[in-house]
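Residues per chain are reported as follows:
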Amino acid sequence: HQWEVILTDMKPVTEEAVLAHLEALDVQTIWGEQPDVKRLVPELIVISPGIPLTIPPAVTARSLGIPIINETELAFRAAKAPFVAITGTNGKTTTTTLVGELLEGSGRQVVVGGNIGLPLVSVVEELGAEDVIVAEMSSFQLETTVSFKPKVAVMLNLTPDHLDRHGDMQGYLEAKAKIFAHQDETDYLILNADDAYLAPLADRARSQVIFFSQQHILKEGVFLRGDSVIFSRGGVETSICQRAEIAIKGAHNLENAMAAIAAAMLMGVTPDRIRQVLRDFAGVEHRLEPVRRWHGVLFINDSKGTNPDSTIKALEAYDEPLILIAGGKDKGISYAPLGPVVNDHVKLLLLCGKTAGVIREAVEQAENYHSLEILDVADYHEAVAIADARSQPGDVVILSPASTSFDRFANFMERGQVFKAIVNELK
């Protein structure tokens, strides 16, 4: 089947190298305007995950019965290798990266991609059935999957996020639940037993469900007995490691590690290999990432904290006095849950960005508010300068915005890099 490919973007594209590359590929282009779907009548539309399905070309395509899929679905259709797919509101990147590391030494070719970094279509044809693809999946990507069927699906947690796109929590849950919609009894679904939204999904799954839990001892799944992390399956218990051996810190990272352990065990990784990787795995960039210790103060980059729940988890990972730098762009969710946690853990709050006002309100309206000092700052230069001047040895200064970056930065990575550069310039 010879496809005729049209590439389109609302921005005019002028880079010579890009245009020359597309010409060599024999790809037609439509720049600076939305395509006329009625006139073109394409057989298939592959849409970028950040683009809402409410744009006119997508609405027209749906009314004409033209399928709209995303790049991961396209990669899945071309793949021989099985998928391990990971979703959740928070912890996706850490868990996906960790699963990739766990599978790496098992003699298979392992590709990690999806919502992080690598577009899977670019590598999928090089992989055979004995290899494995580890894919981070966002709700935006899952929303436009049609036949996607991972060998192992992982659902980490669900807290309010992206409600500007999905409307409400039910809509958000349904988008996420598409990760296991096409699985059958030869596949596995790994679920957080402690999550009130996710645990009930077990009843809907045709696949084999494996739970993980920090709070309960499980017959089947990954759990804590005392300080030991145990994997139990078919009546056989395997001790994987001690809780203290897991290098990434915080209760949320214990959950991420448990989910990764379940996926690795189901994919045949040995307990010794798992233990070794968990001891060595330091986490991912922009997620509780130590930047520098300066005059006895530890600076932490948590730019990946793009929603309140993510920042709550970050603050709860530390016992030290905290100076928090927060604020960014809003996405239609409540900041109320963040207020009490900030009051409990933070000694100075520095706010910039569009959500500064709603974060301040959440902190001041919390029941445990105790006239915590809150300062509005113009930018990260000012925030870091104040944090440096006001911190004591033993404090932790953390950037965890609880908001997206789009009011000032291209993405959370650029935001984190700017923050790190400013911290590293302190002298």
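Asks: What is the right way to look at the packing of aromatic side chains in this model?
Replies: The description of two aromatic rings rests on the distance between their centres and on the angle between their planes. Enumeration over the complete set of coordinates arrives at 5 aromatic pairs. Ring centres of Phe 76 and Phe 83 lie 5.7 Å apart, and the angle between their planes is 65°; this geometry places the pair in the edge-to-face category. On the numbers, 5.4 Å between centres and 75° between planes, the contact of Phe 76 with Phe 148 is edge-to-face. Placement of the pair is Phe 76 in helix α4 (residues 71-78) and Phe 148 in the loop between α6 (139-143) and β8 (152-155), with a sequence separation of 72 residues.

Asks: Is there a simple way to explain the nonpolar core in this structure?
Replies: One recurring pattern in soluble globular proteins: nonpolar side chains tend to sit buried together. The biggest cluster of nonpolar side chains holds 42 residues, and the ones touching the most others in it are Val 84, Leu 103, Ile 190, Val 229 and Ile 274. Ranked by residues supplied to this core, first place goes to helix α9 (residues 251-266) with 11 residues. When sequence neighbours within four positions are dropped, the list of residues in contact with Ile 190 reads Val 152, Ala 153, Val 154, Met 155, Ile 210, Phe 212, Ala 259, Ala 262, Ala 263 and Leu 266. Listed in part, the 30 residues of the second largest apolar core include Val 124, Ala 153, Met 169 and Tyr 172.

Asks: Before we go on, may I ask you to explain the side chain of Asn 90 in this structure?
Replies: Structurally, Asn 90 can be placed in the loop between β5 (83-87) and α5 (92-104). The buried category is assigned to Asn 90, whose relative accessible area is 6%. Reaching out from Asn 90, the side chain makes a polar contact with the side chain of Asn 307 at a distance of 3.1 Å. At a separation of 3.1 Å, a polar atom in the side chain of Asn 90 contacts the side chain of Asp 309. Beyond its immediate sequence surroundings of up to four residues, Asn 90 is in contact with Leu 156, Asn 157, Thr 159, Asn 256, Asn 307, Asp 309, Ser 310 and Lys 313.

What counts as what
Residues numbered from 1 in each chain as written. Predicted model: local features only at pLDDT ≥ 70, side-chain atom pairs only at ≥ 80, totals over all residues. Heavy atoms only, no water. Phe/Tyr/Trp six-rings, centres within 6.5 Å; stacked < 30°, edge-to-face > 60°. Helix = DSSP H or I, 4+ residues; strand = E, 2+ residues; numbered from the N terminus. Core = buried A, V, L, I, M, F, W, Y, C linked by side-chain atoms within 4.5 Å. Buried < 20%, exposed > 50% of the residue type's maximum accessible area, 1.4 Å probe, protein only. Contact = heavy atoms within 4.5 Å. Polar contact = N/O pair within 3.5 Å; in protein donor to acceptor, adjacent residues only side chain to side chain.

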